[in-house]
Amino acid sequence: MTRAASVRIDPMDSSSTRRRATRAKLYEAAVTLIAEQGFSATTVDEIAERAGVAKGTVYYNFKSKTELFEELLRHGVSLLTASLRTAAEETAARGGSRVAALDGMIRAGLVFIDRYPAFTQLYVAELWRTNRAWNSTLLVVRQEAVAVVEGVLREGVEAGELSEEIDVQLTAAALVGMVLVAALDWKAFQSERSLDDVHAALSLLLHGRVGGGR
């Protein structure tokens, strides 16, 4: 009878997992509170209490409330970027067109916003502010998300699927902006609509304006 092999748990991996979990709780607490009462009115004490951790835990993970919020923005947009990239890659793997990939990215964006409405509200609000300490970080992570859409548009132009007259940079920004604003309007004023309903409406717009009616 052989003895079962023991599984060795690396304490560093365990510590890293706990820290990611703690940060996730702090992100969730911060984004909810700031969406409710604004950045200036939200205190570290409130974030810690909402997250169910000690105040010192906040400062162990982040030097300040400003750094926490900056990392929150970076984290949230990186999740959005990853979901857009995955949608494009999955469409390509199925042999779909670039317009189909863009359509898949629109749906992925709506799914993200449906899951993280408070973060999306904060993100859009911060895009309009220019006096924040994290403004440069926000511009960088925003460009990362838009760049994924730009890449699909360029591939579509090069493959002859899309018109060469398309302004890739502006069109990519417009598509991302369309999804963000339409989804916020959906959540705030048309909550009776389903995600499928909203996606269908934006899909028609995409095919009419970008896909040339195809």
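Residues numbered from 1 in each chain as written. Predicted model: local features only at pLDDT ≥ 70, side-chain atom pairs only at ≥ 80, totals over all residues. Heavy atoms only, no water.

(A) Region of the structure containing the packing of aromatic side chains. Scanning all chains against the criterion turns up five aromatic pairs. With centroids separated by 6.1 Å and ring planes inclined at 90°, the aromatic side chains of Phe112 and Phe119 adopt a geometry described as edge-to-face. Each member of the pair Phe112 and Phe119 is classed as buried. Within the aromatic cluster, the residues linked to one another by ring pairs are Phe112, Tyr116, Phe119 and Tyr123. Stacked on the ring of Phe39, the Lys or Arg Lys65 has its end atom at 4.3 Å from the ring centre. A cation sits over an aromatic face here: Lys187 above Trp186, 4.6 Å from the ring centre. (Phe/Tyr/Trp six-rings, centres within 6.5 Å; stacked < 30°, edge-to-face > 60°. Buried < 20%, exposed > 50% of the residue type's maximum accessible area, 1.4 Å probe, protein only. Lys NZ or Arg CZ within 6 Å of the ring centre and 35° of its normal.)

(B) Region of the structure containing the environment of Gly96. Here Gly96 lies in the loop between helix 4 (65-93) and helix 5 (98-115). Taking the C-alpha atoms as reference, Gly96 lies 31 Å from Phe119; in sequence the two are 23 residues apart. (Helix = DSSP H or I, 4+ residues; strand = E, 2+ residues; numbered from the N terminus.)

(C) Highlighting the UniProt feature "DNA-binding region" (unreviewed entry) in the chain. Those residues carrying the UniProt feature "DNA-binding region" (unreviewed entry) are residues 43-62 in this numbering. Helix makes up 75% of residues 43-62 and strand 0%, with an end-to-end C-alpha separation of 14 Å. (UniProt positions renumbered as here; feature names shortened; annotations may be inferred.)

(D) Region of interest: the packing of helix 4 against helix 7 (residues 135-158). Two numbers describe how helix 4 lies on helix 7: the axes approach to 9 Å, and their chain directions differ by 5°. Classified by the angle their axes make, helix 4 and helix 7 are roughly parallel. Every residue of helix 7 that contacts helix 4 at Glu70, Leu73, Arg74, Val77, Thr81, Leu84, Arg85 and Ala88 is listed here: Thr137, Leu138, Val141, Arg142, Glu144, Ala145, Val148 and Val152. Across the contact of helix 4 with helix 7, the residue classes tally to nine nonpolar, two polar and five charged. (Axes fitted to C-alpha atoms, helices over the stretch in contact; angles between N-to-C directions. Parallel < 35°, antiparallel > 145°, perpendicular 65-115°, else oblique. Contact = heavy atoms within 4.5 Å. Nonpolar A, V, L, I, M, F, W, Y, C, P; charged D, E, K, R; others polar.)

(E) Inspection of the environment of Glu126 at higher detail. Mapped onto the secondary structure, Glu126 falls in helix 6 (residues 117-127). The exposure class of Glu126 is buried, given its relative accessible area of 3%. Expressed as a C-alpha distance, the spacing of Glu126 and Thr137, which sit 11 residues apart in the sequence, is 11 Å. Residues in contact with Glu126, not counting those within four places in the same chain, are Phe69, Arg132, Trp134 and Leu138.

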